[in-house]
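# Inside the fold
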Amino acid sequence: MAPNQEYALLCLENPLLDIQGQGDDAMLEKYGLKANDAILAEEKHMGIYEDLLQNRDAKLIAGGAAQNTARGAQYILPPKSVIFIGCVGQDKYAQLLHERNDAAGLRAEYLTSTTHPTGRCGVVITGHHRSMVTDLAAANEYKISHLQSPEIWKLVEQARVYFVGGYHLTVSVPAILALAEEAAKENKIFIMSLSAPFIPQFFKEQLMQTSKYWDYIIGNETEARSWAEGQGHETRDVKEIARLVAELPKENGKRKRVVVFTQGTEETVVAVQGEKGVKEFGIKAIGKEEICDTTGAGDAFAGGFVAGIVEGKPLEECVDMGHWLARLSIKELGAQFPFPKQTY
Ligand code: ADP
Ligand code: MG
Ligand code: MG
């Protein structure tokens, strides 16, 4: 297949609008939040979005982890390389997402819910910490029938690489498995992310239904440890955990599984199925004064990494591209990237 074919990368997850504002300990306490966390909103959290907008001068930022990753990959790849799929509402937030995607050159093929509003992620910043509270709303209404409709499935068949954000495991496992099985059948590349500690903790059955299809699995150190704990492993050593994940059973024997765990400012750990030991790659350091916001650093890493995979780059270079894009995003609010464009 020609490497520069259009829309080589197809991403699936939850399209969200981030409502991000400065909080304080009182706000965290009011809503029962940890300073650094990502959770799904319960009834007691529903007031936080208006609270952020009315009282915390909150900014509206395109969000949703895999949507961030898709935008990041499109930032690096040639025009018309990336498609993002998910479900939004019929409202001004959906319009705003379309505007942001258009500006980034990302093609979104949304299913539109007529009954639910576009999903929101409240982001409470306290110092260098950020607490995320997601009200999935329309994002939770995604249906496999959309993915399998003739127009969308044509795009699935056209793509060579699929990226699914782990957050979608709470929404539509059948849709994820449809992509995963297609990838294994056609020897295409299937990439997933762990997304947040609660996924390997509370959605471990759903997660492990997809594990045999992972050609690449991306997570951070906390998610890795949460996976190990959820699977009953004693170890909390990120390198050992990477090895364990690499050797899980695999459907497509033509590709060795690659496990990639980032660790904030520490080295990124990479384990390859069938190889002894792990590789470690230093990040691209950034001065404290240059850090604007680390929200979405991992999403941006995945964007750079996946762009490298689409371009057929060697593994080391893919990791380096991930670090490069993460560094750019840290200098901006949320997972955004500087314009005029910088090139890797
Ligand atoms: P997540 O956002 O999922 O928690 P990480 O915190 O592991 O993901 O960050 C992903 C990548 O972003 C790191 O591998 C690194 O390249 C970059 N990064 C994150 N935090 C920093 C930081 N403070 N300084 C420089 N790079 C960072
Ligand atoms: Mg982190
Ligand atoms: Mg992350």
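In case you missed it, the structure is sitting above this.
Right, let's walk through the structure included here. (Residues numbered from 1 in each chain as written. Chains lettered and ligands numbered in written order. Predicted model: local features only at pLDDT ≥ 70, side-chain atom pairs only at ≥ 80, totals over all residues. Heavy atoms only, no water.)

### Notes on the side chain of Q263
Its place among the elements puts Q263 in strand β12 (residues 258-263). Only 2.8 Å separates the side chain of Q263 from the backbone oxygen of E267, close enough to count as a polar contact. What Q263 contacts, discounting residues up to four positions off in sequence, is E221, V238 and V269. (Helix = DSSP H or I, 4+ residues; strand = E, 2+ residues; numbered from the N terminus. Polar contact = N/O pair within 3.5 Å; in protein donor to acceptor, adjacent residues only side chain to side chain. Contact = heavy atoms within 4.5 Å.)

### Some remarks on unusual backbone geometry
Peptide bonds are, in most cases, trans, and in most cases residues other than glycine have a negative phi. The residue after F339, namely P340, is reached through a cis peptide bond having omega -5°. By the secondary structure assignment, P340 is in the segment after α13 (315-330). One non-glycine residue with positive phi stands out, namely K80, at about 60°. When its relative accessible area of 44% is taken as the criterion, K80 is described as partly exposed. (Buried < 20%, exposed > 50% of the residue type's maximum accessible area, 1.4 Å probe, protein only.)

### Observations regarding the packing of helix α3 (residues 65-76) against helix α12 (residues 297-310)
Packing of α3 against α12 leaves a shortest axis separation of 7 Å and a crossing angle of 45°. Between α3 and α12, the crossing angle belongs to the class labelled oblique. The two elements α3 and α12 cross, and the hand of that crossing is right-handed. Every residue of α12 that contacts α3 at A65, N68, T69, G72, A73 and I76 is listed here: D299, A302, G303, G304 and A307. For the contact of α3 with α12, a count of residues per class yields five nonpolar, five polar and one charged. (Axes fitted to C-alpha atoms, helices over the stretch in contact; angles between N-to-C directions. Parallel < 35°, antiparallel > 145°, perpendicular 65-115°, else oblique. Left-handed = near helix turned anticlockwise from the far one by under 90°. Nonpolar A, V, L, I, M, F, W, Y, C, P; charged D, E, K, R; others polar.)

### Considering the environment of N187
Mapped onto the elements, N187 comes out in the loop between α7 (173-186) and β10 (189-193). C-alpha separation for the pair N187 and N252, spaced 65 residues apart in sequence, amounts to 7.1 Å. Not counting chain neighbours up to four residues away, the residues in contact with N187 comprise N252, K254 and R255. Here N252 takes part through its side chain, which lies 2.8 Å from a polar atom of the side chain of N187.

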